[in-house]
Amino acid sequence: MDGDLQAVTLLAQQPTRQHDTQHRRLERWAPGLAVLLGVALALIPVAATVLRSLMVDGSDALTIVNYQRLFADPRVHLAARNTLVIGVFVTLGSGLLGVLLAWIVSRTDIPGRKTFELLNLVPFFTSPYVGAMAWQYLTAPNSGLLVNLARNWFGLDLSYLRINSIGGVIWVLVLFYTPFIYLFVIGPLRNLNGALEDAARVHGLGFIDTMRRITLPLLAPALLSGAIVVFVTSAGLFDVPVILATPYSIPTVPALIFESIGYPSDFGRAAALGSMMMAVIVLLIVLQRMYIGQKRYETVSGKGYSPRTAKLSRITRAACFAVEIFYVGFGAVLPLIAVLLVALSPLWRGWFDPARATLENFRYVLEEFDLTRHAIFNSTFLSVLGATLVVALGFLQAYRLQSRQGWIAKILQPVLSMPNGIPGIIFGLGILILLIRTPLYGTYWIILIAYVAHYFPFAMRSLGAVLLSLSPELEQSARSCGATWWQTLRMVVIPLARPGLIATWLMVFIILLRELGSTILLYGQGTETIGVAMLLLSEQNFHYVAALAIVQVALLSLAFALLSRNSKSLFQ
Amino acid sequence: MKRMTMASLVIASIISAGTARAQAPALNGVNDAEKARVSALVTEAAKEGALTYWDTVLQPATKNALLPAFIEHYGLPKSFRIEFSEIAPSNMITRLEQEAKAGRATVDVAAVASPIWVAAQARAGALMKYDSPEYKNYSVVAEAGLVEVGSYAFNGAYVFVPLWDPDKVKVAGDSWKDVLGVLQEGRVSVGNGAASDATIMTYIGLKTAMGKDYVEALAAKKPVFIPKSETIASRVVAGEDTMAFMGMPTRAYQMNQKGANLKYLLPKEGVTLLPQNFFIMANASHPAASKLWFDFILSEKGQKIIVEKEAMISGRNGFVSPLPDYAPPISQLHLVHIDWNKMTPEDLQAARREWMAIFKQ
């Protein structure tokens, strides 16, 4: 192991006393500062939002009038109900599908499971906004491609699909959030001790009962964590409802927040809506921690074990294969085909006409529309810098919390995890309220702050798991050989954690590249990102959006290709 | 001596010819004072090198046609840039209000059909005071209260009227009532009244011309609320909606050029004119370039490009529309008269609440 060898050679590099003092200072302050910065980034925007919710425009006095107005508004009641329904059903749907897909690729012998392992992630790389647009073109009741295909070729009426409904929103979100659950549970499923399942079967439990009473309970921490992330992000997403539901008078809370910030703007109302949603999220996190805290889930011991691969019957194997084809087909292939066909059409008449296919939309987006070039540059710049800062901050925080497990760490961990559970639009609102009167407004830096503040918990959690897998003995050996903290970090810990660091960086990069929730509130002239450019292009022509979406998919595919090289670390 | 005089004359004539060649078209036929003013602005604008322009109607392709004409008109360097965004009205107003709160100005010049909001901004001192020489060419619309000399003009106007694909639906007659008769439930679109002033202004006009009952009958058809005129027209072309109740002839023109077949109606009871208010922000960071852009857009040359590309209705006195079918002269339109100057932002909000109650939006 290179790290160990390097650590041993450190004996020859005895630091001077001055260097030693500097390194001790660095060791003491750097991770601690990262934690403090994280706490500030997590709490200050939230506090700003809550404070702003207690104020009305033109007055500094604190009041609950914004909340009173919300409670009296039937539209808010309807929006809250719709949002709850969306959150619950998306969580159930993607939970079911995510666990099933993870189980199929990790615990069965279906052919091509290595390929499916990666293909299941493709929807994660497509922006939900583009996904919603694609499904609108596929299943719009009077002009959808699938609707017309079924009608013209098979005489079938698919207008009952009703994509412009709560059900339509749930369908699209289930497809796009399944990879979240999949990623959360695939590692634990792989690491599950097969002996426990064998014991259950020996004692007479069938497959379903073993899943229900052994496998799923053991997955509970990962599944609950994933479920909460899916619940809050799907319920807090505004870009899918804004395409599929808002035009049809179907309100949702995030769409109301977006509407409240827009003209005629009412920041107090937006902040009150955001605060109420945050209160629900905090309550959910507390309940999740209470539930998990009451039970024990350790299945990994010092004894060697291996997860069992289920030998499927032909019928079950065909059924699993069909599930995979269904998911990859509906989650990735069909939406991408729809987007490509729209991008190649000068006008959409509900049908693709190859005779009129053109690259004009690509030419317009890439050559004539100045914003595209800015947006591609801005998105890449912000995603690279953001992912780097997020990973650096998350790594130091994970390191600090791992090395000193006390009551402070126990309190800080949920606080530091909080931003990840807050929908982007609400977090963006907090940053906007906080920084609107500063020189940061309208610059790259306000967006970067929002990105780092919103996504550092993701890196902290991922890298925490990576650090947990490294034996503390390695670090202790280096230190006993005379290495300073920084040298140990640089030559032992970071090289060993490198696959995890790269995978986390790429995941954050991908998330930031398609980010829209907070960017939409914070961008200014010249700082538009690809997501913002898409929204602006959608105000001109969806064909242009489709062309830009294809460009975005190409960029994300590049990241996907890099990620697939690190897939082992990702799935672990 | 004679030889020297001859040489001086030759040199002077070469210089003079050179000057004549270099003189920008904008300086032709104007008096010395105006020439000096424009020259000074051109020098400053060249130093500024760029300006930022946001518009809720003009598309980037139109900006791309306007920019070289603008550069040539004033003899600006070819490197002069315009940072342009076509942006939805509610988004634009939100951004401009946020910039005002932040004390920043990234936008120099903007255009949005929201006369009440723009007038409020002018009163609050958020718009630059600029006595453009072009105002004199807009005296008729200024008298009608659509332009406030020194604060804002309009770079074009439009109307929201019924728009449909004649292959899919037939409209017989020329009344709003005839349109109501052919609407199919759930397959008609209107604007997004929750966020768009232009939609609410059209609603006020429609109510004035046809009464509230008519609007309630429209609401009973369960329309879809679409925020942008391009999407409204696209949905008709795709066959998703059979009628855009608040369609824009501009978009019909642009889509028909791409092969669509859209028709629109100017109902006999009258239509509401929506002036695309055009103004410079008070703290514009490129003030000289902004003033030249303001003048150019309002000039005959600028208006011609805008009408040809966007089929908008020009407010310039005596302007001859190159697209009379889609952008008829204001004088030929039967307009519902509403004095926007007498309305306050609160009045507009009250109308918005009324709209939202009727349409259950």
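Residues numbered from 1 in each chain as written. Chains lettered and ligands numbered in written order. Predicted model: local features only at pLDDT ≥ 70, side-chain atom pairs only at ≥ 80, totals over all residues. Heavy atoms only, no water.

Caption draft 1: Expanded view of the sheet that holds strand β7 (residues 224-225) of chain B. In spatial order, the strands read β7-β6-β8-β5-β9 (chain B); together these five strands make up an open sheet with mixed pairing. Among the strands making up the open sheet, the edge pair consists of β7 and β9 (263-264) of chain B. (Pairing = 2+ DSSP bridges. Helix = DSSP H or I, 4+ residues; strand = E, 2+ residues; numbered from the N terminus.)

Caption draft 2: How the structure looks around the packing of aromatic side chains. Counted by the stated rule, this structure contains 40 aromatic pairs over all chains. Taken together, a centroid distance of 5.6 Å and an interplanar angle of 55° make the contact between F70 of chain B and F296 of chain B tilted. Of the two residues, F70 of chain B is situated in helix α3 (residues 60-74) and F296 of chain B in helix α12 (residues 287-298); the sequence distance between them amounts to 226 residues. Of the two residues examined, F70 of chain B and F296 of chain B, each falls in the buried class. Here the aromatic rings of W293 of chain B and F296 of chain B are separated by 6.3 Å at their centres, their planes lie at 35°, and the arrangement is tilted. You can see W293 of chain B and its partner F296 of chain B sitting in helix α12, three residues apart, about one turn around the helix. In this structure W293 of chain B comes out as buried when scored by relative accessible area, which is 0%. The buried category is assigned to F296 of chain B, whose relative accessible area is 0%. An aromatic cluster is defined as three or more aromatic residues linked by ring pairs; in this entry it consists of Y53, F70, Y74, F80, F84, Y130, Y135, F278, W293, F294 and F296 of chain B. It is R95 of chain B that lies over the ring of Y523 of chain A; its NZ or CZ is 3.8 Å from the centre. (Phe/Tyr/Trp six-rings, centres within 6.5 Å; stacked < 30°, edge-to-face > 60°. Buried < 20%, exposed > 50% of the residue type's maximum accessible area, 1.4 Å probe, protein only. Lys NZ or Arg CZ within 6 Å of the ring centre and 35° of its normal.)

Caption draft 3: Looking closely at the pattern of salt bridges. All names here are of chain B. Scanning the entire structure with this criterion turns up 23 salt bridges over all chains. For the salt bridge of E185 with K222, the shortest nitrogen-to-oxygen distance reads 3.5 Å. A residue pair is termed long-range when its members are at least 10 positions apart, and E185 in the loop between α7 (176-182) and β6 (188-190) and K222 in the loop between α9 (212-219) and β7 qualify at 37 residues. Here E185 and K222 have matching classes, each one exposed. Through salt bridges that share partners, E86, K228, E230, R251 and E310 make up one connected network. (Salt bridge = Lys/Arg side-chain N within 4 Å of Asp/Glu carboxyl O.)

Caption draft 4: Expanded view of the nonpolar core. Y53, F70, F245, F279 and W293 of chain B are the most contacted members of the largest nonpolar core, which totals 301 residues. With 16 residues, the top contributor of residues to this core is helix α8 (residues 166-191) of chain A. Taken domain by domain, this core gets at least three of its residues from each of domain 1 (31-156 + 274-326) and domain 2 (161-272 + 335-359) of chain B. The contact partners of Y53 of chain B, leaving out residues within four places of it in the chain, are L58, I82, E83, F84, S85, V109, A110, A111, N155, F278 and W293 of chain B. (Core = buried A, V, L, I, M, F, W, Y, C linked by side-chain atoms within 4.5 Å. Domains from an automatic or database assignment. Contact = heavy atoms within 4.5 Å.)

Caption draft 5: Here's a closer look at a nonpolar patch on the surface. Residues and elements named next belong to chain A. Together, L84, V85, V88, F89 and L92 line one region of the surface with nonpolar side chains, adding up to about 430 Å² of accessible area. Position of F89 among the secondary structure elements: in helix α4 (residues 74-107). The class for F89 is partly exposed, based on a relative accessible area of 45%. (Patch = residues over 30% accessible without salt bridge, like charges linked within 9 Å, V, L, I, M, F, W, Y side chains within 5 Å. Areas by Shrake-Rupley, 256 points an atom, 1.4 Å probe, with all protein chains shown as cover.)

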